[in-house]
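Observations on the three-dimensional arrangement
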Amino acid sequence: MKSVNLLEGLHFDEKGPHAEPLHADRNGRAILFSLKPGQAIKEHNAPSSPFYAVVIRGRGVFAGGDGVEHTVGPNTLLIFDPGEQHMIQAVEALAFIGFLHGVPHTAAIEP
């Protein structure tokens, strides 16, 4: 078993959203994202995997393929289908974990 403290060492970058890989192997990835208020991740998709996001700190606006924006906070799970366009914008300092699975050609990462 491995254990990762999700809020320890949380990093907010002045230049833009920060993505910190927590774990990656052939079965999937877990990535810690942190955004300062006003920072955004432009619309994109994960073509070969669903994308699950769990908000652990702050509030942000998330929109999926339907374009409807939802402002959510901690303890919220967001589920995006494979290939579904999505975007994120931080309302306040925002941290969330993104999970992808079955990502081919992913090398293992030791946190």
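Before reading on, note that the structure itself is shown above.
Please read all numbers here as calculations on a predicted model, not as lab measurements. (Residues numbered from 1 in each chain as written. Predicted model: local features only at pLDDT ≥ 70, side-chain atom pairs only at ≥ 80, totals over all residues. Heavy atoms only, no water.)

**Description of the overall build of the chain**
Note the threshold: Here a helix means four or more residues in a row that DSSP labels H or I, a strand means two or more in a row labelled E, and each is numbered from the N terminus. Our radius of gyration looks at C-alpha atoms and nothing else; its globule reference is 2.2 Å times the residue count to the power 0.38. The classification of residues rests on relative accessible area computed with a 1.4 Å probe and restricted to protein chains. Under 20% of the type maximum is buried, over 50% is exposed, and intermediate values are partly exposed. Contact definition: two residues touch when any of their heavy atoms are within 4.5 Å. Method for areas: the Shrake-Rupley scheme with a 1.4 Å probe, in which residue coverage is limited to the protein chains shown. Positive charge is attributed to Lys and Arg, negative charge to Asp and Glu, and no charge count is given to His or to the chain ends. Where a charge sits is defined by one atom per residue type, namely NZ (Lys), CZ (Arg), CG (Asp) or CD (Glu).
The helix and strand tally for the chain stands at zero helices and nine strands. Taking 111 residues into account, the globule formula puts the C-alpha radius of gyration at 13 Å, and the chain, at 13 Å, falls close to it. Projecting the C-alpha coordinates of the chain onto the three principal axes gives extents of approximately 35 × 30 × 25 Å. Looking at the chain residue by residue over its 111 residues, the buried ones come to 39%. For the chain, the share of sequence-separated contacts (at least 6 apart) that also reach a separation of at least 24 residues comes to 67%. Surface summary for the chain: the accessible area is close to 6500 Å², and the carbon and sulfur share equals 53%. When the 8 basic and 12 acidic side-chain charges of the chain are each reduced to a single mean position, those positions are 5 Å apart.

**Some details on the pattern of salt bridges**
For clarity, the cut-off: By convention in these notes, a salt bridge is any Lys or Arg side-chain nitrogen within 4 Å of a carboxyl oxygen on Asp or Glu.
Counted according to the given criterion, the structure contains two salt bridges. Across the salt bridge formed by Glu14 and Lys36, the nearest N and O atoms sit 3.2 Å from each other. Of this pair, Glu14 sits in the segment before strand E1 (18–25) while Lys36 sits in the loop between strand E2 (28–35) and strand E3 (40–44); the two residues are 22 residues apart in sequence, bridging distant segments of the chain. Looking at Glu14, the relative accessible area reads 63%, which means it is exposed. A relative accessible area of 26% means that Lys36 is categorised as partly exposed. Its salt-bridge partner being Arg59, residue Glu92 comes within 3.4 Å of it at the nearest N-O pair. Placement of Glu92 in the loop between strand E8 (86–90) and strand E9 (94–101) and of Arg59 in the loop between strand E4 (51–57) and strand E5 (60–63) is noted, with a sequence separation of 33 residues between them.

**Some words on the sheet that holds strand E6 (residues 69–72)**
Two orientations exist for strands paired in a sheet by backbone hydrogen bonds: parallel and antiparallel. Stated precisely, the cut-off is as follows: Pairing between two strands is assigned when DSSP locates at least 2 bridges connecting them. All axes are obtained by fitting lines to C-alpha atoms, using only the stretch in contact for helices, and the reported angles, taken between N-to-C directions, cover 0 to 180 degrees.
The antiparallel open sheet is built from four strands, whose spatial order is E3-E8-E5-E6. Two strands lie at the open edges of the sheet, namely E3 and E6, each paired on one side alone. Looking at each pair of strands side by side, their axes are set apart by 20° on average, direction ignored. Two strands pair when backbone bridges link them, and E3 and E8 are joined in this way by three bridges, in the antiparallel orientation.

**Thoughts on the pairing of E6**
Sheet topology places E5 next to E6; four bridges connect them, and they run antiparallel. Within the sheet, the bridge partner assigned to Ala63 lies in E6 and is Glu69. In this antiparallel pair of consecutive strands, E5 and E6, the connection spans five residues, and Gly67 shows a positive phi of 80°.

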